[in-house]
Amino acid sequence: MRGHVLIAPDKFKGSLTAAEVAGHVAAGLARARPDVPLALLPVADGGDGTVEAAVACGFTEVRTTVSGPTGRPVAASYAVRDRTAVIELAEASGLRRLPGGTPAPLEASSRGTGELIGAAIGRGATRIVLGLGGSACTDGGAGMAAALGARLLDASGEPLPPGGGALRSLASIDPGGLPSRLRGVTVVVASDVDNRLLGPAGAAAVFAPQKGATPADVRALERGLTRLDEVARRDLGAYAAARPGAGAAGGTGFGAMAFLGATVRPGIAYLLDLLGFPARVAGARLVITGEGALDRQSLRGKAPVGVARAAARHGVPAIAVAGRCALTGEQLRKARLQEAHALTDLEPDPERCMAEAGPLLERLAERIGREWPALGGAA
């Protein structure tokens, strides 16, 4: 396909999935320019919606039941294609999986994420792509490792209870069956979080308060993660705490590196390649990307900026749609976005924007179709 518009948005959190955003944009464009071919590629940056985006791009969804962050069973999905599995921590160990939404900052565990990895390996996956984001836990990936066969023990040789709070009592780590379980398996962490594990910019200090941690909880979690790093260095020879991304998802980035031998890749850039963006953008006249809120956080490698930069490398202009846009024209240009269109341009009430996001997106896209110069003639 040549001369097409590639529609490659992330989700509008709380309103629409990435696939729904793409569908509404396509519907609006088609009304304005039925002659222009459209290609849809919902995307994600490793956080919530990563599995959904992979399924929309041709992966097969696999549903299973795993442990939620507090141990209660939850229904979760991962995506597979050939021997690659895309796993999203938020599916099993995310804030949205907390019973009643009640935080459990000291007790929440990443065990369910490890169970998802184990299920994918059992199905024959030899490459695990692990998206980190939206986690409820700050356990350094200890629960994930335990689910895959590692044993984290206290001074009496007993397994630690789940959660980051218990890590203060960690005395030793026995890899157990973990190495054999991972033989022949490559693990890639897709994350744009570059925080280290420890310190004022680490997992506990920065992210634990978002998960309900009090100042005292943060101190306890910092001590636990510090102990996990000490014992992992001694017992596993794993020196991962200072590596960028170790602090992602409550330290699960550290756990993936230390226990699973994972490499960390920039989330959106890696996932765009995995989802087939280079082939889809070839010959396009325009890329339309977007997410719910375009703001300063977007500039730190979120999906729309990643899409725009990837499009620029192929010589294709990119514009964005969003629920709201708080970026200046100069910031947009630096992010390689030529312009942004927000739902709030049409409807100033944020609640109505959330409730009516689909129809408003179609109106925005129809306006883009009528006004954007690249759509005015032949490619």
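Let me sum up the structure you'll find in this document.

Conventions and cut-offs
Residues numbered from 1 in each chain as written. Predicted model: local features only at pLDDT ≥ 70, side-chain atom pairs only at ≥ 80, totals over all residues. Heavy atoms only, no water. 1 Å grid on protein atoms, 1.4 Å probe; cavity = no way out; pocket = protein on both sides within 12 Å on 5 of 7 lines; lining within 4 Å. Points joined across faces, edges and corners; volume = space filled by probe spheres on them. Nonpolar A, V, L, I, M, F, W, Y, C, P; charged D, E, K, R; others polar. Helix = DSSP H or I, 4+ residues; strand = E, 2+ residues; numbered from the N terminus. Expected span 1.5 Å × (residues − 1). Buried < 20%, exposed > 50% of the residue type's maximum accessible area, 1.4 Å probe, protein only. Contact = heavy atoms within 4.5 Å. Polar contact = N/O pair within 3.5 Å; in protein donor to acceptor, adjacent residues only side chain to side chain. Disulfide = S-S within 2.5 Å. Pairing = 2+ DSSP bridges. Axes fitted to C-alpha atoms, helices over the stretch in contact; angles between N-to-C directions. Right-handed = clockwise from strand over helix to strand, strands pointing away.

Concerning empty space enclosed by the protein
Argument step 1. Overall, the coordinates contain 1 cavity of 30 Å³ or more when judged by the stated rule.
Argument step 2. Reported here for the largest cavity is a volume of approximately 40 Å³.
Argument step 3. Lining the largest cavity, in full, are Val 5, Leu 29, Ala 30, Arg 33, Val 36, Leu 38 and Leu 375.
Argument step 4. Within the lining of the largest cavity, the residues separate by chemical class into 6 nonpolar, no polar and 1 charged.

What to know about helix α9 (residues 248–260)
Working note: α-helix, 3.6 residues per turn, so residues spaced by three or four point in the same direction.
Argument step 1. Here α9 spans only 15 Å end to end across 13 residues, well under the 18 Å set by a 1.5 Å rise per residue.
Argument step 2. Phi for Gly 261, located one or two positions after α9, is positive at around 65°.

Re helix α12 (residues 303–313)
Argument step 1. Most of α12 is tucked away, with 8 of its 11 residues classed as buried.
Argument step 2. Turning to α12, its buried residues are Ala 303, Pro 304, Val 305, Gly 306, Val 307, Ala 308, Ala 310 and Ala 311.
Argument step 3. Its buried side turned inward, α12 meets α10 (267–275), α11 (277–281), β11 (286–294) and β12 (318–325).
Argument step 4. Phi for Gly 315, located one or two positions after α12, is positive at around 75°.

Digging into the side chain of Glu 91
Argument step 1. Here Glu 91 is to be found in helix α3 (residues 89–93).
Argument step 2. Side-chain polar atoms of Glu 91 contact the backbone nitrogen of Ser 77, separated by 2.7 Å.
Argument step 3. In contact with Glu 91, not counting residues within four places along its chain, are Val 74, Ala 75, Ala 76, Ser 77, Arg 96, Arg 97 and Leu 116.

Thoughts on the state of the cysteines
Argument step 1. Under the counting rule described, the total for this entry stands at 0 disulfides.
Argument step 2. There is no disulfide at Cys 325, and the cysteine sulfur nearest it, in Cys 353, is 13 Å away.
Argument step 3. A residue is classified by how much of its surface remains accessible, and Cys 353, at 6% relative accessible area, is buried.

Side note on the layout of surface pockets
Over the atoms, a rolling probe the size of a water molecule traces out where space has been left empty.
Argument step 1. Put simply, the largest pocket is a space of about 1,000 Å³.
Argument step 2. Every residue lining the largest pocket is counted, 37 residues in all, and those nearest its centre are Lys 13, Gly 133, Gly 134, Gln 297 and Lys 302.
Argument step 3. At the level of secondary structure, the elements contributing two or more residues to the lining of the largest pocket comprise α7 (203–207), α9 and β11.
Argument step 4. Looking at the lining of the largest pocket residue by residue, the classes come out as 10 nonpolar, 13 polar and 14 charged.
Argument step 5. Of the voids in this model, the second largest pocket is the one considered here, and its volume is about 350 Å³.
Argument step 6. What lines the second largest pocket is a set of 23 residues, and nearest its centre among them are Thr 17, Gly 49, Glu 52, Glu 91 and Arg 96.
Argument step 7. Elements supplying a minimum of two residues to the lining of the second largest pocket: α1 (18–32) and α2 (50–56).
Argument step 8. Sorting elements by how many residues they give to the lining of the second largest pocket places α2 first, with 5 residues.
Argument step 9. Per-class residue counts for the lining of the second largest pocket are 9 nonpolar, 5 polar and 9 charged.

Observations regarding the sheet that holds strand β3 (residues 60–67)
Argument step 1. If you trace the 6 strands from one edge of the open sheet to the other, you get β3-β4-β5-β6-β9-β10, paired in mixed fashion. One side of each edge strand has no neighbouring strand; the edge strands of this open sheet are β3 and β10 (263–265). On average, each strand axis in the sheet is inclined to that of its neighbour by 30°, with strand direction left out of account.
Argument step 2. Looking at chain direction, strand β5 (residues 84–88) and strand β6 (residues 127–131) are connected through 5 bridges and run parallel.

Things to note about the environment of Pro 9
Argument step 1. When you line up the elements, Pro 9 lands in the loop between β1 (5–7) and α1.
Argument step 2. The class for Pro 9 is buried, based on a relative accessible area of 1%.
Argument step 3. The spacing of Pro 9 and Thr 252 is 243 residues in sequence and 26 Å in space, taken between C-alpha atoms.
Argument step 4. Here Pro 9 is in contact with Ala 18, Val 21, Ala 22, Leu 41, Pro 42, Val 43, Ile 288, Thr 289 and Gly 290, once residues within four sequence places are set aside.

Structural notes on the sheet that holds β11
Argument step 1. Taken together, 5 strands build an open sheet; the order of strands is β2-β1-β11-β12-β13 and the sheet is parallel. Single-partner strands in this sheet number two, and they are β2 (38–40) and β13 (340–342). This sheet shows a mean twist of 25° between the axes of neighbouring strands, independent of strand direction.
Argument step 2. When β12 meets β13, the two strands line up parallel, connected through 3 bridges. Paired with Ala 322 across the strands is Ala 342, a residue of β13.
Argument step 3. Taken strand by strand, α1 contacts β1, β2, β11 and β12, and its axis lies near 175° from that of β2.
Argument step 4. Of the strands in this sheet, β11, β12 and β13 are in contact with helix α15 (residues 357–371), which crosses β13 at around 145°.

Details of the pairing of β11
Argument step 1. Among the 9 residues in β11, 7 count as buried, and that is most of the element.
Argument step 2. Pairing analysis gives 3 bridges linking β1 to β11, with the strands arranged parallel. Directly across from Val 5, in β11, lies its bridge partner Leu 286.
Argument step 3. Note: β11 against β12, 7 bridges, orientation parallel. For Glu 291, the partnering residue across the bridge sits in β12 and is Ala 322.
Argument step 4. A crossover connection joins β11 to the parallel β12 through α12; in handedness this β-α-β unit is right-handed.

Everything listed here is a matter of coordinates, which is why it stays silent on function.
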